[in-house]
Amino acid sequence: MLFSPLRRFLAAAAVGAATVTPMIAATPANACACGCGVFDVGAESLFPEGAGDTVFVQASYMDQTQNWSGTSKAPAADNDDKRIRSDFLDVGWQHMFNRDWGVMVQVPVTDRLFNTDGGGAHVDTFRHTALGDIKVMGVYSGFSPDMSSGLIFGVKLPSGDWKYQGFDRDVEIGSGSTDLLLGGYHQDKFDKNGKFGWFAQVMWQKPLAWQGGYRPGAEADGAAGIYAEGWTFGNGLRLSPVAQVIGSTREHDSGPAADPLNSGYDRLMVSPGLEFNAKTWRLYGDVELPVWQRVNGNQLVAPALMKVTLSRSF
């Protein structure tokens, strides 16, 4: 399978992560309720730096196996869903027309395994790979000459599959909703030499239209991080450490096809990462680990989120 090598690579990047407190992911969960919106914030790799184009590929992985209620673990018997394993592959393009305005398109594909109680001792297993919900966003970075601050705005389209029969509505790869996206970012240096810097970013997602009796809860994700210029090698190669704090909050889902009592969460994570810069190429990877979380009802959680992003600027 296409996603198997990606999963092995991401899992290797997080050896030992399974021993930490699991992160929250709403269950029942769709591609957003499971917490993947957090992949759209964090790290300054894709912040625009000038007119031109950037293309990127992002591979992300999450395996939800632990039932959680409130702020602590809960018995597996309290939740009919037993496992949701998700591999995400996003392909994107960002074009800056000039130093002020740009556009970004992000196209996701998701491979998802879903295990749920089939009655008695039987567990039903379903697996589905499909196109996810495409995002189209505008970028404004004209607040200052150095493009250090910007706004991001756009829509998430209902392009993902939300009718696969083996999945609950809120486990579907697509949400079926059209969402407003609104966010912003800022980055700066701590010292005059530019050896150390920081950044902050926030993204808010609000459903405006929905289908099939399911309205996903509005979600907000934010990140703040620091980085060092790191180690420089020959021919312009550089390896930089990155450390982030990431926060997320999501409202209850609603509608006759939703499970309001078992959806919605708040969480706080820490995320160590590394960025490898080779002139026009950037390779960034991190592991996102929870330090606090609260969920409504009973929801499956995962020990960590893992992400690798490869980008090139033209």
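Residues numbered from 1 in each chain as written. Predicted model: local features only at pLDDT ≥ 70, side-chain atom pairs only at ≥ 80, totals over all residues. Heavy atoms only, no water.

## Describing the overall build of the protein chain
Within the protein chain, the regular secondary structure consists of one helix and 17 strands. Among the 314 residues that make up the protein chain, the fraction classed as buried is 53%. A total accessible area of about 13300 Å² is found for the protein chain, and carbon and sulfur atoms account for 63% of it. (Helix = DSSP H or I, 4+ residues; strand = E, 2+ residues; numbered from the N terminus. Buried < 20%, exposed > 50% of the residue type's maximum accessible area, 1.4 Å probe, protein only. Areas by Shrake-Rupley, 256 points an atom, 1.4 Å probe, with all protein chains shown as cover.)

## Observations regarding unusual backbone geometry
One non-glycine residue, M147, adopts positive backbone phi at about 60 degrees. Within the secondary structure, M147 is located in the loop between strand 8 (135-140) and strand 9 (149-156). Taking the relative accessible area as the measure of exposure, M147 reaches 1% and is therefore buried. The phi torsion at K279 lies on the positive side, around 60 degrees, for a residue other than glycine. Here K279 is to be found in the loop between strand 15 (265-278) and strand 16 (281-302). Note on K279: relative accessible area 61%, which makes it exposed.

## Overview of the nonpolar core
By size, the foremost hydrophobic cluster in this structure holds 15 residues, and its most contacted members are M137, I152, Y185, F199, M203 and V242. Going through the elements one at a time, strand 8, strand 10 (178-189) and strand 11 (196-209) are the ones with two or more residues in this core. Membership of the second largest hydrophobic core comes to seven residues, among which are F114, A130, F167 and I173. (Core = buried A, V, L, I, M, F, W, Y, C linked by side-chain atoms within 4.5 Å.)

## Focus: the environment of V107
For V107, the position within the fold is in strand 6 (residues 101-119). Along the primary structure V107 and W93 are separated by 14 residues, whereas in three dimensions their C-alpha atoms are 9.0 Å apart. If near-sequence neighbours (up to four positions away) are discounted, V107 is found in contact with L89, D90, V91, L131 and I134. (Contact = heavy atoms within 4.5 Å.)

## Quick look at a nonpolar patch on the surface
On the surface, a nonpolar cluster with roughly 890 Å² of combined accessible area is contributed by F97, W101, F143, L151, F153, L180, L182, W204 and L208. Every element with two or more residues in the nonpolar patch is listed here: strand 9, strand 10 and strand 11. As for its position among the elements, L151 is in strand 9. (Patch = residues over 30% accessible without salt bridge, like charges linked within 9 Å, V, L, I, M, F, W, Y side chains within 5 Å. Salt bridge = Lys/Arg side-chain N within 4 Å of Asp/Glu carboxyl O.)

## Overview of the packing of aromatic side chains
Taken as a whole and assessed by the stated rule, the structure comprises six aromatic pairs. Both rings, one in W101 and one in Y140, keep their centres 4.6 Å apart while their planes meet at 50 degrees; by these two values the pair is tilted. Of the two residues, W101 is situated in strand 6 and Y140 in strand 8; the sequence distance between them amounts to 39 residues. (Phe/Tyr/Trp six-rings, centres within 6.5 Å; stacked < 30°, edge-to-face > 60°.)

## Section: the pattern of salt bridges
The full count for this structure, using the stated rule, is eleven salt bridges. Here E229 ties to K195 by a salt bridge, and the two come within 3.7 Å at their closest N and O atoms. Here E229, found in the loop between strand 12 (219-228) and strand 13 (231-232), pairs with K195, found in the loop between strand 10 and strand 11; they are 34 residues apart in sequence, far enough to count as distant. A salt bridge links D286 to K307; its shortest N-O distance comes to 3.7 Å. Of this pair, D286 sits in strand 16 while K307 is found in strand 17 (residues 305-313), placing the two residues 21 residues apart along the sequence. By relative accessible area, which is 4% here, D286 ends up buried.

## So, the environment of Q64
Among the secondary structure elements, Q64 is positioned in strand 2 (residues 52-64). Separated by 239 residues in the primary sequence, Q64 and P303 place their C-alpha atoms 7.5 Å from one another.

## Some points on the confidence of the model for the protein chain
On average, residues of the protein chain score 86 in pLDDT, and 85% of them reach the 70 mark or higher. The model gives residues 11-33 a pLDDT under 50, and that stretch makes 95 contacts with residues more than four places away or in other chains. (pLDDT = per-residue confidence, 0-100.)

## Examining the side chain of N67
Residue placement: N67 occurs in strand 3 (residues 66-70). Residue N67 is classed as buried on the basis of its relative accessible area of 3%. One polar contact links N67 to N79, side chain to side chain, over a distance of 3.0 Å. Of the polar contacts made by the side chain of N67, one reaches the side chain of N298; its length is 2.9 Å. What N67 contacts, discounting residues up to four positions off in sequence, is K73, A74, P75, A76, D78, N79, N298, Q299 and L300. (Polar contact = N/O pair within 3.5 Å; in protein donor to acceptor, adjacent residues only side chain to side chain.)

## Focus: the pairing of strand 15
Note: strand 14 (residues 237-250) against strand 15, 14 bridges, orientation antiparallel. Counterpart to L237 in the pairing with strand 15 is A278. When strand 15 meets strand 16, the two strands line up antiparallel, connected through twelve bridges. Residue V270 lies in a different strand from strand 16, and its bridge partner there is L289. (Pairing = 2+ DSSP bridges.)

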